[in-house]
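# A structural walkthrough
Spelled out, the chains give:
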Amino acid sequence: PQQPLSKNAQKRLAKEARRAEQKLVWRARDKEKRKQKKAEKRKLRDEAAAAGEEAAEGGPPPAKRARIEHPQRIPFNARVVIDLGFDDKMTFKEVNSLCSQLNHTHSANKRTNRPIAHLLMTGLNGRTKERLDAMNDKAYLRWKGVDWWEEGYERLWEGVPCGDASELVDSSIPAPGDPSQIAEDHGVPTGSLNPLQKGRQSEEHTAAKESVIYLTADSENEIAELKEGETYIIGGIVDRNRYKNLCQNKAADQGVRTGRLPIGTYLANMPTRKVLTVNQVFEILVKWTEERDWEKALMHVMPKRKFKDPNANNPQGKEVGDELDNDEGDYEEDGAGELETKGDSA
């Protein structure tokens, strides 16, 4: 026979029943408040439209407002590759951090009015793929303007003849002035484009090896500017500086050119270590396409805390770099101006 409920159990059930009833009341009340708020905003917009101006508080939704402020986004006709071929060299926490940085990278390209034309992720395997698959029902596969390869970036130039890179046409990067396909990928209405530019099909990513540059902090070649038609590779690894010259050696073994951001030139007097995440490196590239100024790009992206003297409140001279750089890692520059790869502890 079923045991009778104790008085405490009966009280608990009664309380849960009352809360369930209250939830229905609360939801109905909140729904009515939302309807009233929408009606008020709609009224303000209608009044503003009648007056020929846009209401300050009742303007269009954020997404529409962004399109009004940036009616046309002009892609920068280059390719950025994130090399994810270091899955076996990272811890589980570092893999999670890298996946978060990839998300921020995609978001940065969506927000800018000068997006990189093609964003390619290569070497997607192992725990990195498992982590991305588990995030929001494989949402990464629905990112617009982003392609994913399980193969390495070497596939870019397989079958592409050697020669003068300037004479080779990169079939997957539309020529300047022909941005119809990439414009669609980045949400640009194609109705404003020349009718002859419409209908261009997205083709397989290809690139001459001579047009590929691996961005590594250990390179001796400082980049003066980004060039359309070229491919820039960012090492997708978070390693806390365990692996010295990893990306530099990989590029050298494959005969790929290397380059480094001019952090030492423009931010030589920064008191803290110059450590950047993968997405921050990408954001610097994107900001440069907007400003064509490395100093502005670097100052815009670098965290403000890095411009504070870490020893100002540390009379004992204790090393505080790890605390400052808790969630970052791609580039580090020491006082001598030599760049080193750096990892992430988050």
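Everything below is about the structure printed above this text.
The shown structure was predicted, so the numbers you read here are calculated from the model rather than taken from an experiment. For every chain, the first residue of the written sequence is number 1, and numbering continues from 1 onward in sequence order. Note on the predicted model: pLDDT of at least 70 is required for a residue's local features to be given, and 80 or more for side-chain atom pairs to be given and counted; whole-chain, interface and lining totals, by contrast, use all residues. In computing side-chain properties, one takes all heavy atoms of the structure into account and sets aside hydrogens as well as water.

### As for the sheet that holds strand β5 (residues 231–235)
The condition is simple: Here a strand pair is declared whenever DSSP counts at least two bridges between the two strands. A run of DSSP states H or I qualifies as a helix once it reaches four residues; a run of E qualifies as a strand once it reaches two. Both are numbered from the N-terminal end. Each axis is a line fitted through C-alpha atoms, taken for helices only over the stretch in contact, and angles between the N-to-C directions span 0 to 180 degrees. Contacts are assigned to residue pairs that have any heavy atoms within 4.5 Å of one another.
If you walk across this open sheet you meet the 6 strands as β3-β2-β1-β5-β4-β6, and the pairing is parallel. The open sheet has two edge strands, β3 (146–148) and β6 (257–259), and neither has a second partner. Strand-to-strand twist of the sheet, defined as the mean angle between neighbouring strand axes without regard to direction, takes the value 25 degrees. As paired strands, strand β2 (residues 116–122) and β3 are joined by 3 bridges and run parallel to one another. In the strand pairing of β3, M121 is matched with W148. Sitting on the sheet, helix α3 (residues 92–111) touches β1 (76–83), β2 and β3, and the angle it makes with β2 is about 165 degrees.

### Comments concerning the pairing of β1
As a reminder, the rule being used: Only protein chains enter the accessibility calculation, which uses a 1.4 Å probe. A residue is then buried if its area is under 20% of the maximum for its type, exposed if over 50%, and partly exposed in between. The handedness of a crossover follows from its direction of travel: if, with the strands pointing away from the viewer, the path from the first strand over the helix to the second runs clockwise, the crossover is right-handed.
Most of β1 sits inside the fold, with 8 of its 8 residues counted as buried. A crossover links β1 with its parallel partner β2, the connecting element being α3, and its sense is right-handed. Pairing between β1 and β5: 5 bridges, direction parallel. Across the sheet, R79 pairs through a bridge with T231, a residue of β5.

### Digging into helix α1 (residues 7–51)
Convention followed: For a helix, the expected span equals 1.5 Å multiplied by the number of residues minus one.
Over its 45 residues, α1 runs 66 Å from end to end, which matches the ideal 66 Å to within 8%, given 1.5 Å per residue. Two residues or fewer past α1, G52 is found with a positive phi of approximately 80 degrees.

### Focus on the pattern of salt bridges
The line we're drawing: Take a side-chain nitrogen of Lys or Arg and a carboxyl oxygen of Asp or Glu: if they are within 4 Å of each other, that pair is a salt bridge.
Tallied over the full model, the rule gives 10 salt bridges. A salt bridge links K287 to E290; the nearest nitrogen and oxygen atoms lie 3.2 Å apart. One end of the pair is K287 and the other is E290, both in helix α8 (residues 278–291) and 3 residues apart, which spans about a single turn. Look at K287 and you get buried, because its relative accessible area is 15%. Using a relative accessible area of 31% as the deciding quantity, one classes E290 as partly exposed. Across the pair K287 and E291 runs a salt bridge whose closest N-O atoms are separated by 3.9 Å. Taken together, the positions of K287 and E291, both in helix α8 and 4 residues apart, correspond to about one turn of that helix. A relative accessible area of 34% places E291 in the partly exposed class. One salt-bridge network, in which partners are shared between bridges, spans K287, E290 and E291.

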